[in-house]
Amino acid sequence: MIRFLFRALALFLLAIAVVLAVIDISRSVAASEILLTPFIESLQAALPHATTGLQSSLEEIDSSVWWLASVVLSIPGCLLFAILALLSYMIGHKRRRERGFAAPV
């Protein structure tokens, strides 16, 4: 059941990555150069109050936590969600059991 949840999460995250990649590709074609939008800019466009609240709450903990979060959020959104999708799929992946003479017991 847990594997199914991680695989479903991977599918959802991959769908978000594809949507963000299509947005970046359409902007790149319109500008005739490669443009990759950092995730923090996409987040600020969608939820402007959430980013200020996130920044203030993380700075209350420690200023280095906000610095680390800003470094992670400056990665392009399509790449960030693709990495998260890969990690969640790897967690939910079922290993194959080795069969045969040389299989460990």
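In what follows, the accompanying structure is described. On a predicted model such as this, the values are computed, not experimentally measured, just so you know. (Residues numbered from 1 in each chain as written. Predicted model: local features only at pLDDT ≥ 70, side-chain atom pairs only at ≥ 80, totals over all residues. Heavy atoms only, no water.)

Looking only at helices and strands, one finds five helices and zero strands in the chain. In sequence order, the chain lays out its α and β elements as α-α-α-α-α. For a compact globule of 105 residues, the expected C-alpha radius of gyration is about 13 Å, and the chain comes in at 19 Å, more than 25% above that figure. In terms of overall dimensions, the chain has a C-alpha envelope of 60 × 40 × 25 Å along the principal axes. Taking all 105 residues of the chain together, 24% fall into the buried category. Pairs at least 24 residues apart make up 70% of the contacts formed inside the chain by residues separated by at least 6 positions. Approximately 8300 Å² of the chain is accessible, and the part contributed by carbon and sulfur atoms is 69%. Computed over 8 positive and 7 negative side-chain charges, the separation of the two mean positions in the chain equals 29 Å. (Helix = DSSP H or I, 4+ residues; strand = E, 2+ residues; numbered from the N terminus. Rg over C-alpha atoms; globule rule 2.2 N^0.38 Å. Buried < 20%, exposed > 50% of the residue type's maximum accessible area, 1.4 Å probe, protein only. Contact = heavy atoms within 4.5 Å. Areas by Shrake-Rupley, 256 points an atom, 1.4 Å probe, with all protein chains shown as cover. Lys, Arg positive; Asp, Glu negative; His and termini not counted. Charge placed at Lys NZ, Arg CZ, Asp CG, Glu CD.)

All right, on to the packing of helix H1 (residues 2–31) against helix H5 (residues 77–92) then. Across the interface, H1 lies against H5 with an axial gap of 8 Å and an inter-helix angle of 165°. Viewed along their axes, H1 and H5 adopt a mutual orientation that is roughly antiparallel. In the crossing of H1 with H5, the sense of the turn from one axis to the other is left-handed. Of H5, the residues touching H1 (which contributes Arg3, Phe6, Arg7, Leu9, Ala10, Leu13, Leu14, Ile16, Ala17, Leu20, Ala21 and Asp24) are Gly77, Cys78, Phe81, Ala82, Leu84, Ala85, Ser88, Tyr89, Ile91 and Gly92. (Axes fitted to C-alpha atoms, helices over the stretch in contact; angles between N-to-C directions. Parallel < 35°, antiparallel > 145°, perpendicular 65-115°, else oblique. Left-handed = near helix turned anticlockwise from the far one by under 90°.)

This paragraph deals with a positive patch on the surface. Among the surface-exposed residues, Arg3, Arg7, Lys94 and Arg95 lie close enough to one another that they form a single positively charged patch. By secondary structure assignment, the location of lysine 94 is in the segment after H5. Among the residues examined, lysine 94 registers a relative accessible area of 53% and is labelled exposed. (Patch = residues over 30% accessible without salt bridge, like charges linked within 9 Å, V, L, I, M, F, W, Y side chains within 5 Å. Salt bridge = Lys/Arg side-chain N within 4 Å of Asp/Glu carboxyl O.)

Compared with the 44 Å implied by 1.5 Å per residue over 30 residues, the 43 Å span of H1 between its first and last C-alpha is a close match. Looking at H1, one finds that the buried residues are Ala10, Leu13, Ala17, Leu20, Asp24 and Ser28. Elements that come into contact with the buried residues of H1 comprise H5. Serine 32 lies just past H1 and shows a positive phi near 60°. (Expected span 1.5 Å × (residues − 1).)

So, on to unusual backbone geometry. Its identity is not glycine, yet serine 32 carries a phi of approximately 60°, on the positive side. Here serine 32 is to be found in the loop between H1 and helix H2 (39–46).

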